[in-house]
Amino acid sequence: MRPFLLRYLPYPLFVGLYLVFDWVSYIDPLYGLNITPWNPDPALGLVFWLAYGRRAALPWFVALLAGEVLVRGMPAGPLVSVLGALWLTFGYGLTGAALRRSFSRGDIFDNRRRLFVWVGIVLAGTAVNGVGFISLLQYAGLIPRGAWGLAVLRFGIGDLVGVLVSMPLLWMLASAAGRARLRATVWRWETAGYLALSCGVLWGVFGSLGSAEFKHFYFLFLPVIWAASRQGLYGTALIVFVLQLGIIALVKWTHAVDIEVYELQMLDAMLALVGFFIGIVVDELRKVAEELKHTLRLAAAGEMAAALAHELNQPLAALATYGKACEYLLERGDGGALLQGAIRHMIVESDRAAEVVRRLRDFFRTGAMQLEAVRAGALVQAITQQFQAQFRLEGVEFSLSEPEALLVHADRLQIELVLRNLLANALESVLARPRGARRVWISAERLGGGRLRLSVEDSGAGVSSALAARLFEPFVSSKASGLGLGLVLSRAIVEAHGGSLWAEVGQHGMFRFVLPLAESEDYLAN
């Protein structure tokens, strides 16, 4: 019994909700017929068709016919009402089938191209529906002669505005994932802010509706732009629906029958489309930013892996040494203090290796840092030793100005990664110069305000003003095979430490970065 209810319950629920929408939006009907300035019920039907396909046809026909009987009192008579419901079911069904063929349930509003395709399908569908339905009513003698064009226009605008304004929000509410994202998006204090602003603007614009003639309508863009720029498409869908409800309520409350309501509805449709366009652009930019962050994190993980591989060499070598010692002691039959000491050292080195791997995993997942008090001199020497052999091989003269005995609070591995990137860039730059003219040097200087400045300079071509302006942008590289991410990652790491990294414009290469010194230098006594 329960599976049966779960399978067929959506159909009567759809019919009931459709009738509620039809009743609420039955405002200012033309000739007392189903020709009103705002029809959100077709939007509900299209969302239902996207979910159930052709199975939505029968309940939609029932809902249309029930609306004629219960909401309007069947002004067209039984036969015309049935024929009208059949035609509208057919026309809406064609529109729903076109949408279902062009989109899945989840990708209608994912980008600007799909937005325009959606608008085009809805526009064509409402036009076909309007022509057929109004022609039927005129043939039945319910539309005065010469009023066919006005009736088609009014009916088409009502359907078009209802679908454009209502369908995005109904589409979001139709799925659990959409409801969860909508709730997460709009359940914020700023949502109350732009909703309050929309109420104030509606009252200000339509307070004297009969004489205003929408001349202050552009103020309604303020809450729409706020919602779209801050919350993307989901915030936009909420605000345009609220504005539509507010406009219809004010029109009905003020009895503004002397204005062209359908013109007002077209203005609201344009407002909605502009808002949706902005919201989709904002969502696309955020998606690109997240993808870029992920790309940068992957690149950073690769760089960190290189740094951590060096760190793993020592504990792995020590483990091998202690393992051989244990083997030797066991062969001698020595199970005393020497063997126990070797095993303890193996445990210590294995823990050290595990810590190195854990730090790589944490950085890969969250970008987490492990700050510690590090001697600036030891930090620089540790990384420069890795380049000594390559410098000698390439004939590069290297010099290091030993920094003072200063401490910085830093993640040692991450700052070593920055130095490795800068030294690698310097090495590549000087290789373009002849032997004897290849120089790389590092200097350190204490600055005021408790800061340490490290400089990596080389005798290469230097950085031009034009390149310096773009050097720290992603995917900008002077290397033929470079991805342009090394400097971006380096700057991000330094800034995460509370410092800054920049390139000096000049005749030779110079990169500098500043790190804050440790607040206490009591570690020096240890």
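**Description of the nonpolar core**
Part 1: If you look at the biggest cluster of nonpolar residues, it comprises 85 residues, and the most contacted ones within it are Ile35, Trp118, Leu137 and Met167.
Part 2: With residues near it in sequence (within four places) discarded, Ile35 still touches Asp28, Pro29, Leu30, Ile134, Leu137, Ile143, Ala151, Arg154 and Phe155.
Part 3: Membership of the second largest hydrophobic core comes to 38 residues, among which are Phe391, Val408, Val456 and Val494.

**Concerning the sheet that holds strand S4 (residues 439-447)**
Part 1: Spatially, the five strands line up as an open sheet ordered S2-S4-S5-S7-S6, and their pairing is mixed. Because the sheet does not close on itself, it has two edges, and the strands there are strand S2 (397-400) and strand S6 (500-503). Each strand of the sheet is rotated relative to its neighbour by a mean of 15°, with strand direction disregarded.
Part 2: In this structure, S6 lies alongside strand S7 (residues 509-516), joined through four bridges in antiparallel fashion. The residue bridging Ser500 from the neighbouring strand is Val514, located in S7.
Part 3: Sheet strands in contact with helix H15 (residues 412-430) are S2, S4, strand S5 (451-458), S6 and S7, and its direction is about 25° off that of S5.
Part 4: The sheet contacts of helix H17 (residues 486-496) involve S6 and S7, and relative to S6 the element is tilted by about 145°.

**Some points on the packing of helix H4 (residues 57-70) against helix H5 (residues 78-102)**
Part 1: One can describe the packing of H4 onto H5 by two numbers: an axis separation of 9 Å at closest approach and a directional angle of 140°. The angle between H4 and H5 falls in the class oblique. By crossing handedness, the relation of H4 to H5 is classed as right-handed. Contact residues: H4 offers Ala57, Trp60, Phe61, Leu64, Leu65 and Glu68, while H5 offers Ser81, Val82, Ala85, Leu86, Leu88, Thr89 and Tyr92.
Part 2: When grouped by side-chain class, the residues that make up the contact of H4 with H5 number 10 nonpolar, two polar and one charged.

**Considering the environment of Val15**
Part 1: With respect to the helices, strands and loops of the structure, Val15 is situated in helix H2 (residues 10-24).
Part 2: For the pair Val15 and Pro59, spaced 44 residues apart in sequence, the C-alpha separation works out to 6.3 Å.
Part 3: Not counting chain neighbours up to four residues away, the residues in contact with Val15 comprise Pro59, Val62 and Ala63.

**With respect to unusual backbone geometry**
Part 1: If you check the backbone angles, Tyr31 has positive phi at about 60° while not being a glycine.
Part 2: Structurally, Tyr31 is set in the loop between H2 and helix H3 (41-52).

**A few points about the environment of Leu164**
Part 1: Mapping Leu164 onto the fold places it in helix H7 (residues 148-173).
Part 2: We classify Leu164 as buried; its relative accessible area is 2%.
Part 3: Between the alpha carbons of Leu164 and Met270 there is a distance of 9.4 Å; along the sequence they are 106 residues apart.

**Section: the packing of aromatic side chains**
Part 1: In this structure the tally under the stated criterion is 17 aromatic pairs.
Part 2: Summarising the aromatic geometry, the rings of Phe116 and Phe277 are spaced 6.0 Å apart at their centres and angled 35° between planes, so their arrangement reads as tilted. Taken together, the residues Phe116 in helix H6 (residues 112-139) and Phe277 in helix H12 (residues 261-332) connect sequence positions 161 residues apart.
Part 3: Chaining the aromatic ring pairs together yields one cluster made of Tyr11, Phe14, Tyr18, Phe48, Trp49, Tyr52, Trp60 and Tyr92.

**Focus: the confidence of the model for the chain**
Should the pLDDT be low somewhere, the predicted coordinates at that spot are not to be read in detail.
Part 1: Per-residue confidence for the chain gives a mean pLDDT of 80; residues scoring 70 or more make up 82%.
Part 2: By mean pLDDT, helix H10 (residues 209-212) is the weakest element of the chain at 47, and H4 is the strongest at 93.
Part 3: Confidence drops under a pLDDT of 50 for residues 479-483, and excluding neighbours within four residues, the segment shows six contacts in the predicted structure.
Part 4: Below a pLDDT of 50 lies the segment residues 520-526, which in the model reaches 12 contacts outside its immediate sequence neighbourhood of four places, other chains included.

**Considering the pattern of salt bridges**
Part 1: Under the counting rule described, the total for this entry stands at 10 salt bridges.
Part 2: Salt-bridge contacts for Arg72 lead to Asp22; the nearest nitrogen and oxygen are separated by 2.9 Å. Linking Arg72 in the loop between H4 and H5 with Asp22 in helix H2, this pair joins segments that are 50 residues apart in sequence.
Part 3: A salt bridge links Arg72 to Glu68, with the nearest nitrogen and oxygen atoms 3.0 Å apart. Like Arg72, the residue Glu68 is buried in the burial classification.

Criteria and thresholds
Residues numbered from 1 in each chain as written. Predicted model: local features only at pLDDT ≥ 70, side-chain atom pairs only at ≥ 80, totals over all residues. Heavy atoms only, no water. Core = buried A, V, L, I, M, F, W, Y, C linked by side-chain atoms within 4.5 Å. Buried < 20%, exposed > 50% of the residue type's maximum accessible area, 1.4 Å probe, protein only. Contact = heavy atoms within 4.5 Å. Pairing = 2+ DSSP bridges. Helix = DSSP H or I, 4+ residues; strand = E, 2+ residues; numbered from the N terminus. Axes fitted to C-alpha atoms, helices over the stretch in contact; angles between N-to-C directions. Parallel < 35°, antiparallel > 145°, perpendicular 65-115°, else oblique. Left-handed = near helix turned anticlockwise from the far one by under 90°. Nonpolar A, V, L, I, M, F, W, Y, C, P; charged D, E, K, R; others polar. Phe/Tyr/Trp six-rings, centres within 6.5 Å; stacked < 30°, edge-to-face > 60°. pLDDT = per-residue confidence, 0-100. Salt bridge = Lys/Arg side-chain N within 4 Å of Asp/Glu carboxyl O.

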